[in-house]
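# Chain and residue survey
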Protein chains: 2
Amino acid sequence: MTGKRLLLNLFEMGTPTHITHGLWRLPGNDRHRYTDIAYWQELAVALEEGGFDAVFLADVVGAYDVFRGGFDDALREGLQLPNIDPLLVIPVMAAVTKRLGFGVTFSTSYEPPFAFARRMSTLDHLTRGRVGWNVVTSYLPNAARSFGLTEEIPHDERYAIAAEYLDVVYKLWEGSWDDDAVQRDAARGVYTDPAKVRRIDHVGPRFSVAGPHLSEPGPQRTPVIFQATASPVGIALAAQHAELVFTIQWGATVHATVQAFRDAAVAAGRERDSLKVLVQSAVFVAGTEAEARAKLETYRAFRSEIGLFVHTSTVFDPTQHAPSTIVADAVAAEGGDLGAVRPLLRGLTVAEYTAAVDEAWTEEFLAVGDPEQVADRIEHWLDVDDVDGINLRQYHSFDTVRDFARYVTPVLRRRGRLPEADDAEGVTLRERLFGRGPRLPDTHPARRYRGGAHLG
Amino acid sequence: MTGKRLLLNLFEMGTPTHITHGLWRLPGNDRHRYTDIAYWQELAVALEEGGFDAVFLADVVGAYDVFRGGFDDALREGLQLPNIDPLLVIPVMAAVTKRLGFGVTFSTSYEPPFAFARRMSTLDHLTRGRVGWNVVTSYLPNAARSFGLTEEIPHDERYAIAAEYLDVVYKLWEGSWDDDAVQRDAARGVYTDPAKVRRIDHVGPRFSVAGPHLSEPGPQRTPVIFQATASPVGIALAAQHAELVFTIQWGATVHATVQAFRDAAVAAGRERDSLKVLVQSAVFVAGTEAEARAKLETYRAFRSEIGLFVHTSTVFDPTQHAPSTIVADAVAAEGGDLGAVRPLLRGLTVAEYTAAVDEAWTEEFLAVGDPEQVADRIEHWLDVDDVDGINLRQYHSFDTVRDFARYVTPVLRRRGRLPEADDAEGVTLRERLFGRGPRLPDTHPARRYRGGAHLG
């Protein structure tokens, strides 16, 4: 029997240290080449040849400056600082690939939706429908202060902004231009039929946007909507809007979480399979289990605990509290925003918290072994945990991807978990993920604007 | 004797019709491929092989909707609508070239400077120092209404915003990170030395930006500053900030204009040669003069007068006024912003105006002929008019570039007006333009922030 197919995604960011703290120091690691076009093109080719469906680019627009009261440690660690704009590396990866998808993180909190809508339409064109958008609301106080605010927007208000922001860009992507608007009729001198293009005239509490959308519709119109969420308001938003959800699990029963997402989507009027759930996972693989374990130990020796603390301390500094203090109390004592702490972590002690966030090495979704062992583990996640795929942590550029491609991909292909290598072109990311598309399904809330309905 | 070198630039935009109205209908014109990566890569390779210094990408973030009271004609003409975000095609052009420079238009009126500063730093890295920024303040009322405003910001206030915006991004680009901040010292575990990175803590009437800048310094730090201007406040801004100015001349003595720019730069404390002046020009060239004239006539037959009117009618509709009406009076009658009309045009009659704006075919900077004739004309512009280069109008993609490369470039090289083809790499745009760099000269106002001086 052949089980369900794995959705295979790499987690990446244009910065020296994304989530594998200290590992930029690993011999042969090319992390420092993140400013170089060749880095992104080598990565993209390795991913496509290795059977990956997509690369998911994280982003932040601020510095981690809570731990020890400043960003000095973030700088020493190269922890998401310096960084580059992830939107700008997608075109160069698209130029050397035919099938790889691209998910890019962009926050709804600080920049105008009208300009962002055009950027994503441009990427949908340039990639020929291979782009997704990871909707985030930002969580770094430093970012807020670089966009004219004195402090971070409160969590729930950020989500209210996000909801209206989504509404605006949906109107632009789905409602402003009809499918047959662009005619390119040289004989009649009509590039676009004006009867099939319209303003959106959105007027809401937070945004006023006249339109028309500046770009003609790309293959997908709306990019595939990604979300990485854990808070209740985030899950509610994901149930309505997300097509792909990234989740991180610490000891909770992932099966229940996955079902909760699927149930919430159904409750929002969408199909049960309209929302794919990917877990963040760590894979160490080699020809033998012993080699894989040795690689894990080598990597572990390079890890930076300081980097981990800088990264996870966005609203409180765990080194400033007794190990037995409850996290929620520590956050309150510092006046931090508890909404920014994943609910599962709020009731832990500071000691439990610091152990738990060290997910790089201890998490449930860790696979270490030879190719068959790793494939067994991944099949367990798919069949028992009911996840749809993995978001692979990248410890080393490009060994993480090349090891997976060399050792695991052939086994998963043999087992029917990954499609055979093919030269199919012209398949959009949405079609690759769902086997339908390239446009959103009728049950998605963005589709109500098609043909200019419900605008204004 | 060898005269001064020509700076050779192509004027382009990601849209069906940029400034050559109606010509998307020309047989074999590839304008409709503007959403395709291959279009941009073919163009970039043709430019680099043809000895071009740079391609300058125009942009608007709104629809032309004054003429006939709506954007229907803009849509029919493909007149700068639909369009794509120009920032996103620069990386794909950079990926296939080594020397070509890229100028990109971005408005200071609607988007936060902190995010834009990172985008340009990212491009400076990805292009290895081959990027320039054309600073504009926008002029389309429709754009304002898509960014939350009820009407366009008045002309002089737009320039006041631009001045503070420049100050913010200069602080980020020049002052936030020292040259030796990034150390990549794996042995000590120091990616960046925190003593050499700082917030900018800008607090002004229009922007509050804490920083630090998110990106490490690229080869040029600040991109080459371009400006296309004609208004007095624009010239004042250019005299302080611009390194390259684009100008369009209608019947005025260009020599005097060029001197006025150079004088203003000196008055602002900068070197006389710190500001290069490029004129927009039109070149029709073939093996013989007869063939070149025939090509001009063919192209002229495809031009669209409606497209021209849509494009030039940004604050008043010339078809709604008697031909003898003075332009300034027509603008006043419609309640338009006279600041958006080039000063030279304000005193003309509407009839004179409509003839004058038809610069595509009648302008002073038109060269039609065989290769030697065209080269003679370009040398005249360089030596008599004292311009530093041309911004070439593109009538046909890619015949305009290929004709120039095939016929004119070899003659200009032989005459010492263009450098011989070379394989030099690692030369930044600023070095290519000025023979010095890659950083700004000491006399540029951005340089006062180096090392973190004058911040806050």
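In this text, all values refer to a predicted model and were calculated from it rather than measured experimentally.

Here the focus is the overall build of chain A. Helices and strands together make up the secondary structure of chain A, namely 17 helices and 13 strands. What you see for chain A is a C-alpha radius of gyration of 22 Å, in line with the 23 Å of a compact globule of 456 residues. If one aligns the C-alpha atoms of chain A with their principal axes, the spans along those axes are about 70 × 55 × 45 Å. The proportion of buried residues among the 456 residues of chain A is 64%.

What follows is about the interface of chain B and chain A. Contact residues are listed per partner, giving 71 residues for chain B and 71 residues for chain A. Roughly 6,000 Å² of surface becomes buried between chain B and chain A when both sides are summed, with 65% attributable to carbon and sulfur atoms. Of all residues in chain B, the largest losses of buried area upon contact with chain A belong to B:Leu88, B:Arg118 and B:Tyr191, amounting jointly to 12% of the total for that side. On the surface where chain B and chain A come into contact, there are 8 salt bridges. Among the ionic pairs, A:Glu111 bridges to B:Arg119, the shortest N-O distance being 3.0 Å. Our count for the chain B to chain A interface comes out at 34 residue pairs in polar contact (both at pLDDT 80 or more). Broken down by secondary-structure element, the contributors of at least two residues to the side of chain B that touches chain A are helix H1 (37-49), helix H2 (72-77), helix H3 (90-95), helix H4 (113-126), helix H5 (141-146), strand E5 (182-185), strand E6 (190-192) and strand E8 (208-209) of chain B. Looking at which element gives the most residues to the side of chain B that touches chain A, the answer is H4(B), with 8 residues. Partitioning the side of chain B that touches chain A into residue classes produces 38 nonpolar, 17 polar and 16 charged.

In this section: the relation of the copies chain B and chain A. With an RMSD of 0.0 Å, the operation that places chain B on chain A is a rotation of 180 degrees combined with a shift of 0.0 Å along the axis. In short, the pair behaves as if placed about a two-fold rotation axis. Counting the interface residues of chain B, we find that 100% of their copies in chain A are interface residues as well, pointing to one common contact surface.

With that settled, the discussion passes to the domain arrangement of chain A. Domains assigned within chain A are domain 1 (7-304 + 363-446) and domain 2 (315-356). Using C-alpha coordinates to define each centre, domain 1 of chain A is positioned 28 Å away from domain 2 of chain A.

Once that is clear, we can look at the environment of A:Thr325. Residues and elements named next belong to chain A. In this fold, Thr 325 is placed in the loop between helix H10 (305-312) and helix H11 (327-333). A residue is classified by how much of its surface remains accessible, and Thr 325, at 21% relative accessible area, is partly exposed. Separated by 253 residues in the primary sequence, Thr 325 and Asp 72 have C-alpha atoms spaced 26 Å apart. Contacts of Thr 325, omitting those with residues within four sequence positions, involve Ala 330, Leu 348, Thr 349 and Val 350. Within the local environment of Thr 325, its side chain forms a polar contact with the backbone oxygen of Ala 322, the two atoms lying 2.9 Å apart.

Residues in a regular strand project their side chains so that they alternate between the two faces of the sheet. Residue and element names in this part refer to chain A. Where burial is concerned, the two faces of strand E2 (residues 54-57) agree: the one with Ala 54 and Phe 56 and the one with Val 55 and Leu 57 are both buried. Relative to E2, strand E1 (residues 7-12) runs parallel, the two being bridged by 4 bridges. From the neighbouring strand, Asn 9 faces E2, where its bridge partner is Ala 54. Regarding topology, helix H1 (residues 37-49) serves as the crossover connection from E1 to the parallel E2, and that connection is right-handed. The pairing of E2 with strand E3 (residues 101-107) spans 4 bridges and is classified as parallel. If you follow Phe 56 over to E3, its bridge partner there is Gly 103.

Residues and elements named next belong to chain A. Of note, the bond from Gly 211 into Pro 212 is cis; its omega dihedral lies within 30 degrees of zero at 10 degrees. Tracing the chain through its elements places Pro 212 in the loop between strand E8 (208-209) and strand E9 (224-228). If you check the backbone angles, Arg 221 has positive phi at about 55 degrees while not being a glycine. By the secondary structure assignment, Arg 221 is in the loop between E8 and E9.

Here the focus is the packing of H4(B) against helix H6 (residues 155-175) of chain B. All names here are of chain B. Two elements in contact, H4 and H6, have axes whose closest approach is 10 Å; the angle formed by their N-to-C orientations is 50 degrees. By the angle class used here, H4 and H6 are oblique. H4 and H6 meet at a crossing whose hand is right-handed. Together, Pro 113, Phe 114, Phe 116, Ala 117, Met 120 and Ser 121 of H4 and Tyr 165, Val 168, Val 169, Leu 172 and Trp 173 of H6 make up the contact between the two elements. In the contact of H4 with H6, the residues fall into 10 nonpolar, 1 polar and no charged.

Cut-off values and rules
Residues numbered from 1 in each chain as written. Chains lettered and ligands numbered in written order. Predicted model: local features only at pLDDT ≥ 70, side-chain atom pairs only at ≥ 80, totals over all residues. Heavy atoms only, no water. Helix = DSSP H or I, 4+ residues; strand = E, 2+ residues; numbered from the N terminus. Rg over C-alpha atoms; globule rule 2.2 N^0.38 Å. Buried < 20%, exposed > 50% of the residue type's maximum accessible area, 1.4 Å probe, protein only. Contact = heavy atoms within 4.5 Å. Buried area = accessible area lost by both parts, 1.4 Å probe. Salt bridge = Lys/Arg side-chain N within 4 Å of Asp/Glu carboxyl O. Polar contact = N/O pair within 3.5 Å; in protein donor to acceptor, adjacent residues only side chain to side chain. Nonpolar A, V, L, I, M, F, W, Y, C, P; charged D, E, K, R; others polar. Least-squares fit on C-alpha atoms with pLDDT ≥ 70 in both. Domains from an automatic or database assignment. Pairing = 2+ DSSP bridges. Right-handed = clockwise from strand over helix to strand, strands pointing away. Axes fitted to C-alpha atoms, helices over the stretch in contact; angles between N-to-C directions. Parallel < 35°, antiparallel > 145°, perpendicular 65-115°, else oblique. Left-handed = near helix turned anticlockwise from the far one by under 90°.

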